[in-house]
Amino acid sequence: MKKVLEINHLNKKFGQNTVLKDIDFSVEAGEVVCIIGPSGSGKSTLLRCINLLEEPTGGEIIFQGGKILDKGHNKKKYCTKLGMVFQQFNLFENHSVLDNCILGQVTVLKRNKEEAKAIALQYLKKVGMDAYIHARPRQISGGQKQRVAIARALSMEPEVLLFDEPTSALDPEMVGDVLSIMKELAKDGMTMLIVTHEMEFARDVADRVVFMDGGVILEEGTPEEIFNVPKEERTKDFLKRVL
Ligand SMILES: Nc1ncnc2c1ncn2[C@@H]1O[C@H](COP(=O)(O)OP(=O)(O)OP(=O)(O)O)[C@@H](O)[C@H]1O
Ligand SMILES: [Mg+2]
(Lines give C-alpha, C1' and ligand atoms only; values in the text may rest on other atoms or scores of the structure.)
(Ligands and ions follow the chains in the order given, each with its own letter.)
Protein backbone atom coordinates (compact mmCIF):
# COMPACT_ATOMS: atom_id res chain seq x y z
CA MET A 1 0.00 0.00 0.00
CA LYS A 2 1.12 3.49 -0.81
CA LYS A 3 1.50 5.98 2.04
CA VAL A 4 -0.20 9.27 1.28
CA LEU A 5 0.59 11.00 4.52
CA GLU A 6 3.26 10.26 7.05
CA ILE A 7 3.88 12.03 10.33
CA ASN A 8 7.08 11.57 12.26
CA HIS A 9 7.82 12.73 15.81
CA LEU A 10 5.17 15.43 15.63
CA ASN A 11 5.09 17.74 18.63
CA LYS A 12 2.80 20.62 19.46
CA LYS A 13 3.06 22.96 22.41
CA PHE A 14 0.78 25.79 23.40
CA GLY A 15 3.10 27.83 25.63
CA GLN A 16 4.46 25.37 28.19
CA ASN A 17 1.66 22.91 27.54
CA THR A 18 2.71 20.02 25.30
CA VAL A 19 -0.47 18.69 23.74
CA LEU A 20 1.02 16.39 21.08
CA LYS A 21 3.96 14.27 22.12
CA ASP A 22 6.08 12.55 19.52
CA ILE A 23 3.26 11.39 17.26
CA ASP A 24 4.19 8.85 14.58
CA PHE A 25 1.43 7.98 12.25
CA SER A 26 0.65 7.37 8.60
CA VAL A 27 -2.29 7.03 6.25
CA GLU A 28 -2.34 4.88 3.15
CA ALA A 29 -4.16 5.58 -0.10
CA GLY A 30 -7.81 4.61 0.18
CA GLU A 31 -7.59 4.00 3.90
CA VAL A 32 -10.20 5.16 6.41
CA VAL A 33 -8.66 5.93 9.78
CA CYS A 34 -10.83 6.87 12.75
CA ILE A 35 -9.28 8.72 15.68
CA ILE A 36 -11.00 8.26 19.01
CA GLY A 37 -10.12 9.31 22.54
CA PRO A 38 -11.19 11.43 25.51
CA SER A 39 -11.81 15.15 25.42
CA GLY A 40 -8.56 17.11 25.48
CA SER A 41 -6.43 14.20 24.25
CA GLY A 42 -5.25 16.20 21.21
CA LYS A 43 -7.39 14.79 18.40
CA SER A 44 -8.40 18.16 16.94
CA THR A 45 -4.92 19.55 17.41
CA LEU A 46 -3.49 16.63 15.45
CA LEU A 47 -5.86 17.30 12.53
CA ARG A 48 -5.15 21.02 12.75
CA CYS A 49 -1.40 20.39 12.65
CA ILE A 50 -1.82 18.10 9.66
CA ASN A 51 -3.64 20.77 7.67
CA LEU A 52 -1.40 23.54 9.04
CA LEU A 53 -4.19 25.43 10.80
CA GLU A 54 -1.73 25.06 13.69
CA GLU A 55 2.01 25.16 13.26
CA PRO A 56 3.64 22.03 14.68
CA THR A 57 6.38 22.74 17.22
CA GLY A 58 8.50 19.86 15.97
CA GLY A 59 8.59 16.77 13.79
CA GLU A 60 7.84 16.26 10.14
CA ILE A 61 4.90 15.79 7.83
CA ILE A 62 5.56 13.93 4.60
CA PHE A 63 2.97 14.16 1.87
CA GLN A 64 3.45 12.35 -1.43
CA GLY A 65 7.15 12.14 -0.66
CA GLY A 66 7.67 15.85 0.12
CA LYS A 67 8.62 17.25 3.52
CA ILE A 68 5.86 19.78 4.06
CA LEU A 69 7.40 21.68 6.97
CA ASP A 70 10.69 22.31 5.21
CA LYS A 71 11.45 25.88 4.26
CA GLY A 72 10.57 26.53 0.67
CA HIS A 73 7.97 23.80 0.44
CA ASN A 74 4.78 24.94 -1.25
CA LYS A 75 2.49 24.80 1.79
CA LYS A 76 -0.43 26.44 0.03
CA LYS A 77 -0.43 23.78 -2.63
CA TYR A 78 -0.25 21.07 0.04
CA CYS A 79 -3.26 22.56 1.83
CA THR A 80 -5.35 22.39 -1.35
CA LYS A 81 -4.78 18.62 -1.39
CA LEU A 82 -6.43 18.20 2.00
CA GLY A 83 -10.15 18.70 2.47
CA MET A 84 -11.50 19.58 5.90
CA VAL A 85 -14.97 19.12 7.35
CA PHE A 86 -15.57 20.78 10.72
CA GLN A 87 -18.04 20.14 13.51
CA GLN A 88 -19.50 23.63 13.05
CA PHE A 89 -19.70 23.39 9.22
CA ASN A 90 -17.86 26.73 8.64
CA LEU A 91 -19.91 27.55 5.55
CA PHE A 92 -19.81 31.04 4.07
CA GLU A 93 -23.09 32.37 5.48
CA ASN A 94 -23.52 35.12 2.90
CA HIS A 95 -23.17 32.83 -0.08
CA SER A 96 -25.54 30.32 -1.62
CA VAL A 97 -25.02 26.59 -1.29
CA LEU A 98 -23.73 26.51 -4.87
CA ASP A 99 -21.32 29.41 -4.38
CA ASN A 100 -20.01 27.77 -1.23
CA CYS A 101 -18.90 24.91 -3.46
CA ILE A 102 -17.59 27.12 -6.27
CA LEU A 103 -15.60 29.85 -4.48
CA GLY A 104 -12.59 27.79 -3.41
CA GLN A 105 -12.31 26.18 -6.80
CA VAL A 106 -12.18 29.55 -8.53
CA THR A 107 -10.00 31.48 -6.07
CA VAL A 108 -7.60 28.73 -5.00
CA LEU A 109 -7.54 26.25 -7.88
CA LYS A 110 -8.10 28.94 -10.54
CA ARG A 111 -10.77 26.90 -12.27
CA ASN A 112 -13.07 28.86 -14.53
CA LYS A 113 -16.56 29.52 -13.26
CA GLU A 114 -18.34 27.13 -15.64
CA GLU A 115 -16.07 24.22 -14.86
CA ALA A 116 -16.28 24.95 -11.14
CA LYS A 117 -20.06 25.04 -11.33
CA ALA A 118 -20.24 21.70 -13.11
CA ILE A 119 -17.97 20.10 -10.50
CA ALA A 120 -19.90 21.67 -7.62
CA LEU A 121 -23.20 20.40 -9.01
CA GLN A 122 -21.77 16.93 -9.40
CA TYR A 123 -20.81 16.76 -5.72
CA LEU A 124 -23.94 18.52 -4.45
CA LYS A 125 -25.89 15.84 -6.27
CA LYS A 126 -23.74 13.16 -4.67
CA VAL A 127 -24.67 14.40 -1.18
CA GLY A 128 -28.32 14.92 -2.14
CA MET A 129 -28.25 18.72 -1.94
CA ASP A 130 -28.68 19.64 -5.60
CA ALA A 131 -32.24 20.80 -4.97
CA TYR A 132 -30.93 23.51 -2.59
CA ILE A 133 -28.29 25.26 -4.68
CA HIS A 134 -29.81 28.72 -4.29
CA ALA A 135 -30.45 28.43 -0.55
CA ARG A 136 -28.33 30.25 2.02
CA PRO A 137 -26.81 28.23 4.87
CA ARG A 138 -29.26 29.75 7.39
CA GLN A 139 -32.18 28.34 5.41
CA ILE A 140 -31.11 24.71 5.67
CA SER A 141 -30.80 22.26 8.56
CA GLY A 142 -27.59 21.28 10.33
CA GLY A 143 -27.49 17.94 8.57
CA GLN A 144 -27.97 19.64 5.23
CA LYS A 145 -25.24 22.17 6.05
CA GLN A 146 -22.85 19.35 6.80
CA ARG A 147 -23.72 17.67 3.51
CA VAL A 148 -22.94 20.94 1.73
CA ALA A 149 -19.67 21.21 3.66
CA ILE A 150 -18.76 17.72 2.45
CA ALA A 151 -19.67 18.66 -1.15
CA ARG A 152 -17.57 21.80 -0.81
CA ALA A 153 -14.58 19.79 0.36
CA LEU A 154 -15.07 17.22 -2.42
CA SER A 155 -15.31 19.97 -5.04
CA MET A 156 -11.65 20.72 -4.41
CA GLU A 157 -10.90 17.09 -5.29
CA PRO A 158 -8.53 16.56 -2.38
CA GLU A 159 -6.23 13.58 -1.87
CA VAL A 160 -7.27 13.20 1.76
CA LEU A 161 -10.41 14.29 3.58
CA LEU A 162 -10.11 15.23 7.25
CA PHE A 163 -13.20 15.28 9.45
CA ASP A 164 -13.33 16.68 12.99
CA GLU A 165 -16.44 15.30 14.70
CA PRO A 166 -18.66 16.01 11.70
CA THR A 167 -21.83 14.82 13.42
CA SER A 168 -21.35 16.17 16.97
CA ALA A 169 -23.30 19.38 16.36
CA LEU A 170 -26.21 17.66 14.62
CA ASP A 171 -29.66 16.76 15.86
CA PRO A 172 -29.77 12.99 16.32
CA GLU A 173 -32.09 12.45 13.36
CA MET A 174 -29.56 14.13 11.03
CA VAL A 175 -26.58 12.04 12.05
CA GLY A 176 -27.45 8.99 9.96
CA ASP A 177 -27.59 10.91 6.67
CA VAL A 178 -24.15 12.39 7.14
CA LEU A 179 -22.62 9.11 8.27
CA SER A 180 -24.08 7.28 5.30
CA ILE A 181 -22.54 9.80 2.91
CA MET A 182 -19.19 9.31 4.62
CA LYS A 183 -19.64 5.57 4.34
CA GLU A 184 -20.30 5.92 0.64
CA LEU A 185 -17.14 8.00 0.20
CA ALA A 186 -15.20 5.27 1.99
CA LYS A 187 -16.60 2.71 -0.44
CA ASP A 188 -15.55 4.93 -3.36
CA GLY A 189 -11.97 4.65 -2.09
CA MET A 190 -11.60 8.15 -0.61
CA THR A 191 -8.72 8.45 1.84
CA MET A 192 -10.20 9.73 5.10
CA LEU A 193 -9.00 10.68 8.54
CA ILE A 194 -11.96 11.03 10.87
CA VAL A 195 -12.09 12.21 14.48
CA THR A 196 -15.33 10.80 15.78
CA HIS A 197 -17.37 9.86 18.82
CA GLU A 198 -19.52 7.56 16.66
CA MET A 199 -18.15 4.23 17.79
CA GLU A 200 -20.57 2.15 15.70
CA PHE A 201 -19.47 4.04 12.62
CA ALA A 202 -15.79 3.57 13.47
CA ARG A 203 -16.31 -0.13 14.02
CA ASP A 204 -18.20 -0.46 10.78
CA VAL A 205 -16.27 1.77 8.38
CA ALA A 206 -12.70 2.24 9.65
CA ASP A 207 -9.84 0.21 8.30
CA ARG A 208 -7.88 1.29 11.34
CA VAL A 209 -8.75 2.90 14.66
CA VAL A 210 -6.33 5.12 16.53
CA PHE A 211 -6.83 5.73 20.25
CA MET A 212 -5.34 8.98 21.55
CA ASP A 213 -4.88 9.83 25.20
CA GLY A 214 -2.90 12.65 26.80
CA GLY A 215 -1.29 13.80 23.55
CA VAL A 216 0.00 10.41 22.46
CA ILE A 217 -1.26 7.58 20.30
CA LEU A 218 -1.73 4.99 23.01
CA GLU A 219 -2.70 2.19 20.64
CA GLU A 220 -3.97 1.55 17.17
CA GLY A 221 -5.32 -1.41 15.28
CA THR A 222 -8.22 -2.80 13.33
CA PRO A 223 -11.69 -2.07 14.72
CA GLU A 224 -11.81 -5.68 15.97
CA GLU A 225 -8.54 -5.23 17.85
CA ILE A 226 -9.42 -1.88 19.41
CA PHE A 227 -13.07 -2.56 20.24
CA ASN A 228 -12.95 -6.27 21.07
CA VAL A 229 -9.49 -6.84 22.53
CA PRO A 230 -7.96 -3.46 23.52
CA LYS A 231 -4.55 -3.88 25.10
CA GLU A 232 -4.26 -0.74 27.19
CA GLU A 233 -6.17 -0.15 30.42
CA ARG A 234 -6.98 3.41 29.40
CA THR A 235 -8.45 2.25 26.09
CA LYS A 236 -10.61 -0.22 27.99
CA ASP A 237 -11.76 2.49 30.42
CA PHE A 238 -12.58 4.88 27.60
CA LEU A 239 -14.56 2.27 25.68
CA LYS A 240 -16.45 1.26 28.80
CA ARG A 241 -17.56 4.87 29.16
CA VAL A 242 -18.61 5.47 25.56
CA LEU A 243 -20.01 2.13 24.39
N1 LIG B 1 -5.30 27.28 20.60
C2 LIG B 1 -5.01 26.67 21.75
N3 LIG B 1 -4.31 27.32 22.72
C4 LIG B 1 -3.98 26.71 23.88
N5 LIG B 1 -4.31 25.44 24.18
C6 LIG B 1 -4.99 24.73 23.25
C7 LIG B 1 -5.39 25.31 22.01
N8 LIG B 1 -6.05 24.36 21.29
C9 LIG B 1 -6.08 23.27 22.07
N10 LIG B 1 -5.44 23.48 23.25
C11 LIG B 1 -5.27 22.48 24.32
O12 LIG B 1 -4.74 21.31 23.74
C13 LIG B 1 -5.29 20.15 24.36
C14 LIG B 1 -5.87 19.25 23.30
O15 LIG B 1 -7.00 19.87 22.74
P16 LIG B 1 -7.80 19.28 21.51
O17 LIG B 1 -8.83 20.27 21.15
O18 LIG B 1 -6.85 18.87 20.44
O19 LIG B 1 -8.47 17.98 22.15
P20 LIG B 1 -9.56 17.00 21.54
O21 LIG B 1 -9.04 15.62 21.71
O22 LIG B 1 -9.92 17.43 20.17
O23 LIG B 1 -10.80 17.19 22.52
P24 LIG B 1 -12.39 17.18 22.24
O25 LIG B 1 -12.78 15.71 22.19
O26 LIG B 1 -12.98 17.86 23.42
O27 LIG B 1 -12.64 17.90 20.95
C28 LIG B 1 -6.29 20.64 25.38
O29 LIG B 1 -5.68 20.63 26.64
C30 LIG B 1 -6.59 22.05 24.93
O31 LIG B 1 -6.92 22.86 26.03
MG1 LIG C 1 -11.66 18.13 19.29
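Above this text sits the structure in question.
Residues numbered from 1 in each chain as written. Chains lettered and ligands numbered in written order. Predicted model: local features only at pLDDT ≥ 70, side-chain atom pairs only at ≥ 80, totals over all residues. Heavy atoms only, no water.

### A closer look at the sheet that holds strand S2 (residues 17–28)
- In spatial order, the strands read S2-S1-S4-S5; together these four strands make up an open sheet with antiparallel pairing. What marks the edges here is a single partner per strand, and that holds for S2 and strand S5 (66–67).
- Inspection of the sheet shows strand S1 (residues 3–14) paired to strand S4 (residues 58–63) by five bridges, in the antiparallel sense. By the bridge assignment, Leu 5 is partnered in S4 with Phe 63.
- Here helix H1 (residues 43–50) sits on the sheet and contacts S1, S2 and S4; the angle it forms with S1, its principal contact strand, is near 115 degrees. (Pairing = 2+ DSSP bridges. Helix = DSSP H or I, 4+ residues; strand = E, 2+ residues; numbered from the N terminus. Contact = heavy atoms within 4.5 Å. Axes fitted to C-alpha atoms, helices over the stretch in contact; angles between N-to-C directions.)

### Examining the environment of Asp 164
- Of note, Asp 164 is situated in strand S7 (residues 160–164).
- Overall, Asp 164 belongs to the buried group, its relative accessible area being 10%.
- For the pair Asp 164 and Gln 87, spaced 77 residues apart in the sequence, the C-alpha separation amounts to 5.9 Å.
- Sequence-distant contacts of Asp 164, that is, excluding residues within four places in its chain, are made with Ser 44, Leu 47, Met 84, Val 85, Phe 86, Gln 87 and Val 195.
- Reaching out from Asp 164, the side chain makes a polar contact with the side chain of Ser 44 at a distance of 2.6 Å. (Buried < 20%, exposed > 50% of the residue type's maximum accessible area, 1.4 Å probe, protein only. Polar contact = N/O pair within 3.5 Å; in protein donor to acceptor, adjacent residues only side chain to side chain.)

### A closer look at the pairing of strand S10 (residues 216–221)
- Relative to S10, strand S9 (residues 208–213) is paired through five bridges, and the arrangement is antiparallel. When the sheet's bridge partners are listed, Met 212 is paired in S10 with Ile 217.

### Concerning the packing of helix H5 (residues 142–155) against helix H6 (residues 172–188)
- Put simply, H5 and H6 touch, their axes get as near as 8 Å, and they point 20 degrees apart. When the axis of H5 is compared with that of H6, the two are roughly parallel. Crossing hand, H5 versus H6: right-handed. On H6, the residues that touch Gly 143, Gln 146, Arg 147, Ile 150 and Leu 154 of H5 are Met 174, Asp 177, Val 178, Ile 181, Met 182 and Leu 185.
- Here the residues of the contact of H5 with H6 sort into seven nonpolar, two polar and two charged. (Parallel < 35°, antiparallel > 145°, perpendicular 65-115°, else oblique. Left-handed = near helix turned anticlockwise from the far one by under 90°. Nonpolar A, V, L, I, M, F, W, Y, C, P; charged D, E, K, R; others polar.)

### A look at the sheet that holds S9
- With mixed pairing, the six strands of this open sheet are ordered in space as S6-S7-S8-S3-S9-S10. Only two strands of the sheet have a single neighbouring strand rather than two, namely strand S6 (82–85) and S10. Here the strands of the sheet are splayed against their neighbours by 20 degrees on average, with no regard to which way each runs.
- As paired elements, strand S3 (residues 32–36) and S9 share four bridges and run parallel to each other.

### Some points on the side chain of Thr 167
- Turning to its location among the elements, Thr 167 is positioned in the loop between S7 and H6.
- Residue classification places Thr 167 among the buried residues on the basis of a relative accessible area of 5%.
- Within the structure, Thr 167 has its side chain in polar contact with the side chain of Glu 198 (distance 3.4 Å).

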